[in-house]
Structures are given as C-alpha cells and as structure tokens.
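Notes for the structure review
Residue strings, one per chain:
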Amino acid sequence: MKYLDLLLALDVLYRFYPRYHTHELILLAEDVWRWVNHELPEDSAALVYLETCFASPADALQWIWDEIQLLAGTYTRLN
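Residues numbered from 1 in each chain as written. Predicted model: local features only at pLDDT ≥ 70, side-chain atom pairs only at ≥ 80, totals over all residues. Heavy atoms only, no water.

**Structural notes on the overall build of the protein**
Broken down by element type, the protein carries four helices and zero strands. For the protein, the α and β elements follow one another from N to C terminus as α-α-α-α. Here the protein, with 79 residues, has 35% of them falling under the buried criterion. Pairs at least 24 apart in sequence give 57% of the contacts found in the protein among residues at least 6 apart. (Helix = DSSP H or I, 4+ residues; strand = E, 2+ residues; numbered from the N terminus. Buried < 20%, exposed > 50% of the residue type's maximum accessible area, 1.4 Å probe, protein only. Contact = heavy atoms within 4.5 Å.)

Laid out in structure tokens, this is it:
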C-alpha cells in the first residue's frame, strides 16, 4: 500500500460517494489513522475497540486499505 494510493482512493470517494462523511468505514479509517500516528489517548474508547479488533496498527491499516479499495473501485471505473 502506498500513501498516495490511499489518498487517491479517499479523494475519489470524497467526490463521488454520496455518504462519504457518514460512512462507518471512513470514520473507522480516521480512528485507525490516529492510532497509527499515536494521537489517540490511552483511555480512549476508540483505542480499546481497535486493540480488540486488530493485532496491530499495521493490520488495521491494511484492512482499511483493502476495504477502501473495494469501495472506491466502483467509482474509479466510471464510463
């Protein structure tokens, strides 16, 4: 996964996906991104949730990347 590919996929979703700002995957991606950058407080409910679902921030980021690719794939191949 490359950072620019992730930004491109998020940009495509931002432009074409009607529920971008309220989609659970995008909200989860924001939490994962903050987890990767160590911006979540230690007593955060989001941190506890992410640690129970994923073994590491890298696993969470890879899972989010795969899901965003699936979601953005339909919008990157418009006729």
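**Focus: the confidence of the model for the protein**
Across the protein, the average pLDDT comes to 82, with 86% of residues at or above 70. The least confident element of the protein, judged by mean pLDDT, is helix 1 (residues 3–16) at 74; the most confident is helix 3 (residues 45–53) at 94. (pLDDT = per-residue confidence, 0-100.)

**Some words on the nonpolar core**
One recurring pattern in soluble globular proteins: nonpolar side chains tend to sit buried together. In this structure, Leu13, Val32, Trp35, Leu40, Leu50, Ile64 and Ile68 are the most contacted members of the largest nonpolar core, which totals 23 residues. Going through the elements one at a time, helix 1, helix 2 (24–36), helix 3 and helix 4 (57–76) are the ones with two or more residues in this core. It is helix 4 that contributes the most residues to this core, seven residues altogether. (Core = buried A, V, L, I, M, F, W, Y, C linked by side-chain atoms within 4.5 Å.)

**Observations regarding the environment of Val36**
Along the chain, Val36 falls in helix 2. The class of Val36 is partly exposed, set by a relative accessible area of 27%. Between the alpha carbons of Val36 and Ala58 there is a distance of 7.5 Å; along the sequence they are 22 residues apart. Sequence-distant contacts of Val36, defined by excluding residues within four places in its chain, comprise Pro57 and Leu61.

**Considerations on the packing of aromatic side chains**
Scanning the entire structure with this criterion turns up one aromatic pair. Consider the rings of Phe54 and Trp63, whose centres lie 5.8 Å apart with planes at 50°: the pair is tilted. Phe54 sits in the buried class, given a relative accessible area of 15%. Residue classification places Trp63 among the partly exposed positions, given a relative accessible area of 36%. (Phe/Tyr/Trp six-rings, centres within 6.5 Å; stacked < 30°, edge-to-face > 60°.)

**Regarding helix 3**
Ala46, Leu47 and Leu50 are the residues of helix 3 that are buried. What you see down the axis of helix 3 is that its buried residues fit within an arc of 100°, all on one side. Opposite the buried face of helix 3, at more than 90 degrees from it, the exposed residues are Ala45 and Thr52. Looking at the buried residues of helix 3, the elements they touch are helix 2. Of the residues that open helix 3, the one with a side-chain oxygen 3.2 Å from the backbone nitrogen of Ala46 is Ser44. (Arc of directions from axis to C-beta. Polar contact = N/O pair within 3.5 Å; in protein donor to acceptor, adjacent residues only side chain to side chain.)

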